[in-house]
Amino acid sequence: MKCQAGFVYSDAFTRYHFRDDHPFNQLRVQMTKELLESEKVLDPENLLTPRLATEKELALVHSPTYIEAVKKASNGALTEEEGMEFGIGTEDTPMFAGMHEASSLLVGSTLTAIDAVLEGGYEHALNLGGGLHHGFERKASGFCIYNDGAVGIEYIRKKYGYKVLYVDTDAHHGDGVQWLFYDEPNVCTLSIHETGRYLFPGTGNVTERGLKEGYGYSFNLPIDAFTEDESFLDLYESAFREVVEYFKPDVIVTQNGADAHYLDPLTHLCSTMKTYERIPQLAHELAHQYCNGRWIALGGGGYDMWRVVPRAWAQVWKTMLSGEPFEGQLPTEWKNKWQKHAPVELPESWQDPEGLFKPIPRKAEITEKNKKVLAKALQFIHNQKKYNHLSP
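This write-up is about the structure you can find in this document. As the structure is a prediction and not an experimental result, all values here were calculated from the model. (Residues numbered from 1 in each chain as written. Predicted model: local features only at pLDDT ≥ 70, side-chain atom pairs only at ≥ 80, totals over all residues. Heavy atoms only, no water.)

For the rest of this paragraph, the subject is the overall build of the chain. On a plain count of helices and strands, the chain comes out with 12 helices and 8 strands. The principal-axis extent of the C-alpha atoms belonging to the chain is close to 60 × 50 × 45 Å. Sequence separation of 24 or more characterises 78% of the internal contacts of the chain that already satisfy a separation of 6 or more. Side chains of the chain carry 39 positive and 55 negative charges; the gap between the two charge centres is 4 Å. (Helix = DSSP H or I, 4+ residues; strand = E, 2+ residues; numbered from the N terminus. Contact = heavy atoms within 4.5 Å. Lys, Arg positive; Asp, Glu negative; His and termini not counted. Charge placed at Lys NZ, Arg CZ, Asp CG, Glu CD.)

In structure tokens form, the structure reads like this:
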């Protein structure tokens, strides 16, 4: 299967930069783009030039007061005390010059991807600069200033009137997007993430199911620390198939954080590249089955930018084009260029070697706990189907 796909990119993505030692580094996007170019699968006609989101567009989910605070911080005019009210100037989300413009570009990039799919003739579009899912209406959080995914979903609702399924496979719970649409029946959120018992932001319990008219349209799969590929993919595939059939969306938006990998320094999961090959394949399949191919994919977390993120994100693009992952050796020219900058040895191939980590002694126990989480989610879906069928 060959698909028409657009790749949103700007060198200015790297202006979203907190400080040199901060774990969030948009150089990841440039590295991924150059990896795809080395593999000869990213042509100039695939590239989409992003635009800045307008303040009116940002205000689809963010309060005008918050937007003004970000603008002041951007110009060095926001005091530390003022910033604390809005989550700006924290250890996770420090102030930096030009932060409003840099953040607006990431939101505009997601809007560019959306318009490319919904009115531009593309079946799929990828914006690796986006996926900042922790931003709230009036608060920055977890490296995220403006929530491009949430703005994009509301943009889809207002401009196109479509039902949106948002699927988040970042190791951290997609809290900002969930809470912003918690009472909205035309937006369904599905997040598979490491349990909040051990990891920021501490939310994403299986019992978080929506509020008022949105009840029954929020799904969470909090998996145990040290979960491996098989269990992760079992929950992801089973839940995604059930949720998409239950909700029947018009368009799918995915957040593709790459921090569930064993090598990620901020999380405690044990996925390998097997997970990052399958995640986009299923999204691709279900987008064609339920949404006439309408699929917008975003970036997200991922803090081993040398060994993990470029490979994982490149697989999303390859899947968009053909439905199949890369295999074999990484391009020599790409590896030679970036090895000069990397503090670790870059991988040789697209796949991870066997025995990447020592066997997990609790594997059976972890797998069983995850199955119980999945069973609760699936039972809830089945109950909702029954209720919806019986209600007048």
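What follows concerns the packing of helix H1 (residues 27–38) against helix H10 (residues 309–322). Direction vectors running N to C along H1 and H10 enclose 55 degrees, while the axes themselves pass 9 Å from each other. The orientation of H1 with respect to H10, classified from their angle, is oblique. Two packed elements cross with a definite hand, and for H1 against H10 that hand is right-handed. Side by side, H1 and H10 meet where Arg 28, Val 29, Met 31, Thr 32, Leu 35 and Leu 36 of the first sit next to Val 309, Pro 310, Arg 311, Trp 313, Ala 314 and Trp 317 of the second. Classifying every residue of the contact of H1 with H10 by side-chain character gives 9 nonpolar, 1 polar and 2 charged. (Axes fitted to C-alpha atoms, helices over the stretch in contact; angles between N-to-C directions. Parallel < 35°, antiparallel > 145°, perpendicular 65-115°, else oblique. Left-handed = near helix turned anticlockwise from the far one by under 90°. Nonpolar A, V, L, I, M, F, W, Y, C, P; charged D, E, K, R; others polar.)

For the rest of this paragraph, the subject is the packing of aromatic side chains. Per the counting criterion, the structure on display carries 23 aromatic pairs. Consider the rings of Tyr 66 and Tyr 146, whose centres lie 6.0 Å apart with planes at 85 degrees: the pair is edge-to-face. Residue Tyr 66 is located in helix H3 (residues 64–74), and its partner Tyr 146 is located in the loop between strand S3 (124–127) and helix H6 (148–160); the two are separated by 80 residues in the primary sequence. Like Tyr 66, the residue Tyr 146 is buried in the burial classification. Aromatic side chains Phe 143 and Tyr 303 sit 5.7 Å apart centroid to centroid with 80 degrees between the ring planes, which places their arrangement in the edge-to-face category. (Phe/Tyr/Trp six-rings, centres within 6.5 Å; stacked < 30°, edge-to-face > 60°. Buried < 20%, exposed > 50% of the residue type's maximum accessible area, 1.4 Å probe, protein only.)

Going residue by residue along strand S1 (residues 5–8), you find Ala 5 and Phe 7 tucked away on one face and Gly 6 and Val 8 tucked away on the opposite face as well. When S1 meets strand S2 (residues 47–48), the two strands line up parallel, connected through 2 bridges. Bridge pairing in S2 links Val 8 to Leu 48. For the segment spanning S1, H1 and S2, crossover handedness is right-handed. (Pairing = 2+ DSSP bridges. Right-handed = clockwise from strand over helix to strand, strands pointing away.)

Don't take any of this as a statement about function, it's just geometry.
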